[in-house]
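Next come the chains, spelled out residue by residue.
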Amino acid sequence: METILVTGGTGFLGSNLCVRLIREGKRVICMDNNYTGRMENVAEIMEHPNFTFIKHDITEALPELGKINQIYNLACPASPPAYQGKHSIETTKTCVLGALNMLELAKKNNAVILQASTSEVYGEPLVHPQVETYCGNVNPIGIRACYDEGKRCAESLFFDYHRHEKVEIKVIRIFNTYGPKMDPKDGRVVSNFICQALKGEDITIYGDGSQTRSFCYVDDLIEAMVRMMNSEKGFTGPVNTGNPGEFTVKELAEKVLKKIVTSSKLVYKELPKDDPTQRRPDISLAKSRLGWEPVVKLDEGLDKTIEYFKTQI
Ligand code: UDP
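Residues numbered from 1 in each chain as written. Predicted model: local features only at pLDDT ≥ 70, side-chain atom pairs only at ≥ 80, totals over all residues. Heavy atoms only, no water.

Draft legend 1. Structural view of helix α9 (residues 298–312). Compared with the 21 Å implied by 1.5 Å per residue over 15 residues, the 21 Å span of α9 between its first and last C-alpha is a close match. Turning to α9, its buried residues are L298, G301, L302, T305, I306, Y308 and F309. Looking down the long axis of α9, one finds its buried residues gathered within 165° of arc, a one-sided arrangement. Contacts from the buried residues of α9 go to β7 (177–178), α5 (189–199), β10 (216–217), β12 (246–248) and α7 (249–259). (Helix = DSSP H or I, 4+ residues; strand = E, 2+ residues; numbered from the N terminus. Expected span 1.5 Å × (residues − 1). Buried < 20%, exposed > 50% of the residue type's maximum accessible area, 1.4 Å probe, protein only. Arc of directions from axis to C-beta. Contact = heavy atoms within 4.5 Å.)

Draft legend 2. Here's a closer look at the site of the ligand. Close to the ligand lie 18 residues, the nearest being T204, Y206, R213, D275 and R279. Between N192 and the ligand, the recorded distance is 2.8 Å, taken from a side-chain N or O atom to an oxygen atom. Contacts to the ligand include R279, whose side-chain N or O atom sits 2.6 Å from an oxygen atom. Sorting the residues of the shell around the ligand by element identifies α5 and β8 (203–206) as the ones contributing at least two each. By residue class, the composition of the shell around the ligand is 7 nonpolar, 5 polar and 6 charged. (Near = heavy atom within 4 Å. Polar contact = N/O pair within 3.5 Å; in protein donor to acceptor, adjacent residues only side chain to side chain. Nonpolar A, V, L, I, M, F, W, Y, C, P; charged D, E, K, R; others polar.)

Draft legend 3. Expanded view of the state of the cysteines. Throughout the structure, instances matching the rule amount to 0 disulfides. C30 forms no disulfide, and the closest cysteine sulfur to it belongs to C18, at a distance of 4.3 Å. C30 gets classed as buried once you look at its relative accessible area, which sits at 0%. C195 carries a free sulfur, and the closest cysteine sulfur to it, the one in C216, is 20 Å from it. (Disulfide = S-S within 2.5 Å.)

Draft legend 4. Main features of the pairing of strand β5 (residues 112–118). Taking burial as the measure, the 7 residues of β5 include 7 buried ones, the bulk of the element. With burial as the criterion, each face of β5 is covered, one bearing V112, L114, A116 and T118 and the other bearing I113, Q115 and S117. In terms of strand pairing, β5 meets strand β6 (residues 169–174) through 6 bridges, oriented parallel. Paired with S117 across the two strands is R173, which belongs to β6. In this fold, the crossover linking β5 to β6 by way of helix α4 (residues 145–165) has right-handed handedness. (Pairing = 2+ DSSP bridges. Right-handed = clockwise from strand over helix to strand, strands pointing away.)

Next comes the structure, spelled out in structure tokens:
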């Protein structure tokens, strides 16, 4: 049986991926240092004979893992409050040194490796919607740079390992994703708004709420990831993966308020620095090369996510 390594395997996306792969009968090694990952995310598969958890930081030398056939490299804090501030240097190290270690492992094992890149590589985009050929507009010295430039450098490493070391790479650029297994304390907009509404706390809109995001339900995103990993040999991407439905942050808050009976009110807070004004993926490439597009509408996905957060708080 083939063995699949998932780094960041106890995180939001990683754990959803691990559960799916185990259900499909795959053998999975889940690696995480649990900085933002949570063991409860993998509790349902922890005892499964095909599942192994290894607590490890991917910037450090790897333990002996045996033969690995596929690597999903997801390890990295992904929420702005988690990657900024005192963890910013570790974030860059995870992106860059982590990618290097994983690419070396892929080379040694002749494994296919998928990189979870991000819409953040486009920075404050001047092209809208974002296409993969757009090179982005990132502030290299700003507070988001640890993540944005870290992920950009990781992409660069992936393509050099592909060109020079013949490693089979797959790069996806993930746009905002939400759903079950998100950490309620993660600080991102969907988790914040739902948890605030469930607790009757103020709904914190940063800025005037006119900035836009496109929200993809987690099951759709995992489907794209698995399709990309198993796509035609030589197809490297990068491929945008996300839901092209675009909403302002204020519209999202209003949707959440319609769905949850609450005393919560909208309050406006300062907009964080370098917060992108607009974001929406052009997913033509994913449609044509992976036969993929999201099927879960925001309303349906929010309902499922609200049910999940009710169990968390
Ligand atoms: N945001 C907000 N209130 C919150 C959390 C986030 O208004 O409580 C805004 C944030 O400023 C950004 C958008 O929602 O414009 C998405 O933020 P998130 O951290 O979820 O992801 P990002 O796309 O910025 O990485």
